[in-house]
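Inside the fold
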Amino acid sequence: MSKYIVFDGMDGSGKGTQMKLLEKKFGNSIIFTREPGGTPFAEEIRRVVRDNVLASESTTLNNFLLFLASREELQHNLVAPTLKSGKHVFSDRGDSSTYAFQLCGEEHEELTHLFNLSREHIFLNRQSPDLYIVFDLPAEMSRRRALQDVARKTNHFDVRDLGFYERVRKGFRKFAVHMPVKFVDATRTPEEIHQEVLELLAEEGIGLSG
Ligand code: TMP
């Protein structure tokens, strides 16, 4: 059966490097995508919510809704049809990020009800992720790496205070109470992390032949 795996985690956790290693290993036997983004329309939403500085001047609710809009689009036009065709989907981020960043990091837990409702609707008659692999990193390390990212201007997100990164980290842990999440210690070398990811995927029956 085709599986839907989400890769998520703290900013600066080396998730991007891990996705590249997986793409190199599995090639086009697996469909790789990302959130926000992943289809032409969802990539437009990505440009608004991730790359446009105006998004950081808007409200958490507005950004939350844009992340949802991107997810609904990706589910409808890419994830569901791909799984139906029998292929696995690997996504760089997913609803775990909305939970960790908007609800917990930005302290808008009053959005929990809306988050749960949106989950029900988005995954209605579709497949919810089979597994979330979360790259875990201490808050200070995540913040330090985010600072380097801002120096390279990779996105508009401001570097927030340490408390934000601590809340995001806790947010992923809270998400894991009810969801199929496996944490990976992202303080190790990329190769060590990659090996562990391959082991977790093998437990899901995903290997080069599966
Ligand atoms: P990335 O693609 O480089 O990981 O950047 C995506 C950024 O968007 C990252 O800082 C996390 C953030 N994000 C949210 O805040 N909520 C979400 O629902 C998603 C998918 C991403």
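Check the entry above for the structure.
Notes on the structure in this doc start here. None of these values were measured; they are calculated from a predicted model.

Further remarks concern the overall build of the protein chain. A count of helical and extended segments in the protein chain gives 8 helices and 5 strands. Listed by position from the N terminus, the elements making up the protein chain come as β-α-β-α-α-β-α-α-β-α-α-β-α. Each of the three principal axes of the protein chain carries a C-alpha extent, and together these read 45 × 40 × 30 Å. Looking at the protein chain residue by residue over its 210 residues, the buried ones come to 47%. Put simply, of all contacts in the protein chain between residues at least 6 apart along the chain, 78% involve residues at least 24 apart.

Of all hydrophobic cores here, the largest spans 50 residues; its most connected members are Phe7, Leu22, Phe26, Phe90, Ile133 and Leu201. When sequence neighbours within four positions are dropped, the list of residues in contact with Leu201 reads Ile5, Phe7, Leu22, Phe26, Phe90, Ile133 and Ile206.

Taking 1.5 Å per residue as the helical rise, helix α8 (residues 190-203) with its 14 residues ought to reach 20 Å, and the 20 Å between its terminal C-alpha atoms agrees with that figure. For α8, the set of buried residues is Ile193, His194, Val197, Leu198, Leu200 and Leu201. Buried residues of α8 fall within an arc of 160 degrees about the axis and therefore sit on the same side. In this structure, α8 carries Glu199, Ala202 and Glu203 as exposed residues pointing more than 90 degrees from its buried face. Where α8 terminates, the next one or two residues include Gly205, which has phi positive at roughly 85 degrees.

In the vicinity of the ligand lie 14 residues, with Arg46, Arg50, Arg93, Thr98 and Gln102 positioned nearest. Here Arg50 contributes a side-chain N or O atom positioned 2.9 Å from an oxygen atom of the ligand. Contact between the ligand and Arg93: an oxygen atom at 2.6 Å from a side-chain N or O atom of the residue. Protein contact buries 91% of the 480 Å² of open area that the ligand shows by itself. Elements with a minimum of two residues in the shell around the ligand: α3 (60-84) and α4 (95-105).

Another point: unusual backbone geometry. Residues Glu35 and Pro36 are joined by a peptide bond in cis, for which omega reads -15 degrees. By the secondary structure assignment, Pro36 is in the loop between β2 (30-34) and α2 (40-49). In this model, Arg93 sits at a positive phi of 80 degrees, which is unusual for a non-glycine residue. Tracing the backbone through its elements, the reader meets Arg93 in the loop between β3 (88-92) and α4. Positioned with a positive phi, Glu107 is a non-glycine residue whose angle comes to about 55 degrees. With respect to the helices, strands and loops of the structure, Glu107 is situated in the loop between α4 and α5 (112-122).

Of the positions making up helix α7 (residues 162-178), those classed as buried are Phe164, Tyr165, Val168, Gly171, Phe172 and Phe175. One side of α7 carries all its buried residues, which in axial view fall inside an arc of 105 degrees. In α7, the exposed positions that point more than 90 degrees away from the buried face belong to Lys170 and Val177.

Now for the environment of Val159. Among the secondary structure elements, Val159 is positioned in the loop between α6 (139-151) and α7. C-alpha of Val159 to C-alpha of Arg145: the two residues are 14 residues apart in sequence and 9.7 Å apart in space.

Once that is clear, we can look at the environment of Gln75. Within the secondary structure, Gln75 sits in helix α3. Along the primary structure Gln75 and Ser128 are separated by 53 residues, whereas in three dimensions their C-alpha atoms are 9.6 Å apart. Contacts of Gln75, omitting those with residues within four sequence positions, involve Tyr4, Ala80, Pro81, Ile122, Phe123, Arg126 and Gln127. A distance of 2.9 Å separates the side chain of Gln75 from the side chain of Tyr4, its partner in a polar contact.

Attention now moves to the packing of aromatic side chains. Under the criterion given, the structure shown has 9 aromatic pairs. Look at Tyr99 and Phe115: their rings are 5.5 Å apart centre to centre, the planes differ by 55 degrees, and that puts the pair in the tilted class. Residue Tyr99 is found in helix α4, and its partner Phe115 is found in helix α5; the two are separated by 16 residues along the sequence. Phe115 gets classed as buried once you look at its relative accessible area, which sits at 2%. Taken together, the aromatic side chains of Phe7, Phe26, Phe32 and Phe90 make up a single cluster linked through ring pairs. If you follow Arg160 out to its NZ or CZ, it ends over the ring of Phe164, 4.2 Å from the centre. Just above the ring of Phe183 sits the side chain of Arg173; from NZ or CZ to the centre is 4.4 Å.

Rules and cut-offs
- Residues numbered from 1 in each chain as written.
- Predicted model: local features only at pLDDT ≥ 70, side-chain atom pairs only at ≥ 80, totals over all residues.
- Heavy atoms only, no water.
- Helix = DSSP H or I, 4+ residues; strand = E, 2+ residues; numbered from the N terminus.
- Buried < 20%, exposed > 50% of the residue type's maximum accessible area, 1.4 Å probe, protein only.
- Contact = heavy atoms within 4.5 Å.
- Core = buried A, V, L, I, M, F, W, Y, C linked by side-chain atoms within 4.5 Å.
- Expected span 1.5 Å × (residues − 1).
- Arc of directions from axis to C-beta.
- Near = heavy atom within 4 Å.
- Polar contact = N/O pair within 3.5 Å; in protein donor to acceptor, adjacent residues only side chain to side chain.
- Areas by Shrake-Rupley, 256 points an atom, 1.4 Å probe, with all protein chains shown as cover.
- Phe/Tyr/Trp six-rings, centres within 6.5 Å; stacked < 30°, edge-to-face > 60°.
- Lys NZ or Arg CZ within 6 Å of the ring centre and 35° of its normal.

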